[in-house]
Amino acid sequence: AHDVNNAGVVVGGSSNGLAVRPFVHRNGVTTDLGVPAGLATAPGRAWGINDAGDVAGFARRADNAVSQATVWREVAGVY
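Residues numbered from 1 in each chain as written. Predicted model: local features only at pLDDT ≥ 70, side-chain atom pairs only at ≥ 80, totals over all residues. Heavy atoms only, no water.

Right, let's talk about the overall build of the chain for a bit. Scanning the chain from terminus to terminus reveals 0 helices and 7 strands. Along the chain, helices and strands appear, N-terminal first, in the series β-β-β-β-β-β-β. Taken over the C-alpha trace, the chain has a radius of gyration of 12 Å; the compact-globule value for 79 residues is 12 Å, and the two agree within 12%. The principal-axis extents of the C-alpha atoms in the chain amount to approximately 35 × 20 × 20 Å. Considering the chain as a whole, with its 79 residues, one finds that 30% of them fall into the buried category. A sequence separation of at least 24 residues applies to 30% of the contacts in the chain between residues at least 6 apart. For the chain, the computed accessible surface area is about 4400 Å², with 53% contributed by carbon and sulfur atoms. (Helix = DSSP H or I, 4+ residues; strand = E, 2+ residues; numbered from the N terminus. Rg over C-alpha atoms; globule rule 2.2 N^0.38 Å. Buried < 20%, exposed > 50% of the residue type's maximum accessible area, 1.4 Å probe, protein only. Contact = heavy atoms within 4.5 Å. Areas by Shrake-Rupley, 256 points an atom, 1.4 Å probe, with all protein chains shown as cover.)

Below is the structure:
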């Protein structure tokens, strides 16, 4: 875990056995935030979350060549 907001939502990075993946944990459920590369082997981490639920971190780009700064925004309960 790297950060928690005032609502108790936790973000961080967790290994899936292939790569460290960005996650959000709320209400007892942990969700992989995904990465633009769309591959289970593509890494990322969620470093921070604000009280609006916006998550900041990094993730592997769609070309799966380099990582980039990434923001995940919750829309209708889904990141």
